[in-house]
Amino acid sequence: MKNIGYLAQDISILHRQYYKDTKRQFDDLGLNPTAACILLSVGDYPAITQNHVARLLVIDKALATREINKMEKLGYLSKENGTGKTKLLNLTAQGHTVVRTIQQIRIGWWETKFADTGINPDSPLVSSIETVVGTIVAPDTPTD
């Protein structure tokens with residue numbers, strides 16, 4: 001058995017393969033992987049701030065801003081004024097449609113991988129990964 005240190009490498013391999021396998025589908029939507037994750041986050045947390053999105057996805061604020069601006073131009077997101085200089089993000093009708101498509105792409109890929117390997121979604125591995133991610137990201141505690 002490999003030591004636990006290889007887990008990050010294995011997760012990175014899954015991550016890269018997912019985006020390699022789904023690249024064409026995301027390209028057809030005018031999205032890259034980061035943009036897709038941002039849209040999913042806005043769908044999960046309506047009226048989320050740009051800073052909260054960056055923290056939630058553990059990405060640079062400047063990258064989040066660039067991608068959010070692109071998605072606003074594509075008609076997937078809208079911004080409204082929050083408190084002070086804060087901008088609140090929401091999905092447009094077109095954004096809701098594309099989020100459903102992103103979810104279908106993601107679910108389909110994982111269902112195939114699970115079926116191919118015999119792992120089921122209730123595997124302790126899934127909850128273990130969610131627990132570790134929960135120690136890094138606290139989505140319910142925005143500090144904007």
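Everything quoted here is computed from the prediction, not taken from an experiment. (Residues numbered from 1 in each chain as written. Predicted model: local features only at pLDDT ≥ 70, side-chain atom pairs only at ≥ 80, totals over all residues. Heavy atoms only, no water.)

K.L.:
How should the packing of helix H3 (residues 50-57) against helix H4 (residues 61-73) be read in this particular structure?
P.N.:
To characterise two packed helices, one gives the angle between the axes of the helices and the distance between these axes. The contact between H3 and H4 brings their axes to 9 Å, and the two run at 115°. Our pair here, H3 against H4, has a crossing hand that is right-handed. Taken together, the residues of H4 that come into contact with H3 (itself represented by Gln 50, Asn 51 and Ala 54) are Lys 61, Ala 64, Thr 65 and Ile 68. In the contact of H3 with H4, the residues fall into three nonpolar, three polar and one charged. (Axes fitted to C-alpha atoms, helices over the stretch in contact; angles between N-to-C directions. Helix = DSSP H or I, 4+ residues; strand = E, 2+ residues; numbered from the N terminus. Left-handed = near helix turned anticlockwise from the far one by under 90°. Contact = heavy atoms within 4.5 Å. Nonpolar A, V, L, I, M, F, W, Y, C, P; charged D, E, K, R; others polar.)

K.L.:
Even after reading the chapter, I still don't get helix H5 (residues 93-117), so can you show me in this structure?
P.N.:
At 3.6 residues per turn, the α-helix brings residues three or four places apart onto the same side. For H5, with 25 residues, the first-to-last C-alpha span of 37 Å sits near the 36 Å given by 1.5 Å per residue. Taken together, the buried positions of H5 are occupied by Gly 95, Val 98, Val 99, Ile 102, Ile 105, Trp 109 and Phe 114. Against the buried residues of H5 lie helix H1 (7-28), helix H2 (33-44), strand E3 (87-91) and helix H6 (124-136). Downstream of H5 by a residue or two, Gly 118 has a phi angle that is positive, lying close to 80°. (Expected span 1.5 Å × (residues − 1). Buried < 20%, exposed > 50% of the residue type's maximum accessible area, 1.4 Å probe, protein only.)

K.L.:
I keep staring at the UniProt feature "domain: HTH marR-type" (unreviewed entry) in the protein and nothing clicks. Help me out?
P.N.:
In the numbering used here, UniProt assigns the feature "domain: HTH marR-type" (unreviewed entry) to residues 24-124. Secondary structure content for residues 24-124 is 63% helix and 12% strand, and the end C-alpha separation is 32 Å. (UniProt positions renumbered as here; feature names shortened; annotations may be inferred.)

K.L.:
Teacher, can you tell me more about the packing of H2 against H3 here?
P.N.:
Running from amino to carboxyl end, H2 crosses H3 at an angle of 115°, the nearest separation of the two axes being 10 Å. Our pair here, H2 against H3, has a crossing hand that is right-handed. On H3, the residues that touch Cys 37, Ile 38, Ser 41 and Val 42 of H2 are Val 53, Leu 56 and Leu 57. The residue makeup of the contact of H2 with H3, split by class, is six nonpolar, one polar and no charged.

K.L.:
Would you mind going over the packing of aromatic side chains with me for this structure?
P.N.:
Any aromatic ring pair is given by two values, namely how distant the centres are and how the planes are angled relative to each other. Enumeration over the complete set of coordinates arrives at five aromatic pairs. Ring centres 4.8 Å apart and planes at 65° place the aromatic pair Tyr 18 and Tyr 19 in the edge-to-face group. Owing to a relative accessible area of 9%, Tyr 18 belongs among the buried residues under this scheme. Ring centres 4.8 Å apart and planes at 85° place the aromatic pair Trp 109 and Trp 110 in the edge-to-face group. An aromatic cluster is defined as three or more aromatic residues linked by ring pairs; in this entry it consists of Tyr 18, Tyr 19, Phe 26, Trp 109, Trp 110 and Phe 114. (Phe/Tyr/Trp six-rings, centres within 6.5 Å; stacked < 30°, edge-to-face > 60°.)

K.L.:
Could you clarify how one ought to interpret the layout of surface pockets in this entry?
P.N.:
If a probe the size of a water molecule is rolled over the atoms, the empty space left behind becomes visible. Computed from the structure, the largest pocket encloses a volume of approximately 2100 Å³. Forming the boundary of the largest pocket are 43 residues, of which Ile 11, Arg 106, Trp 110, Ile 129 and Val 133 lie nearest the centre. For the lining of the largest pocket, the secondary-structure elements that each account for two or more residues are H1, H2, H3, H5 and H6. The element best represented in the lining of the largest pocket is H1, accounting for 10 residues. A per-class count over the lining of the largest pocket returns 30 nonpolar, seven polar and six charged. (1 Å grid on protein atoms, 1.4 Å probe; cavity = no way out; pocket = protein on both sides within 12 Å on 5 of 7 lines; lining within 4 Å. Points joined across faces, edges and corners; volume = space filled by probe spheres on them.)

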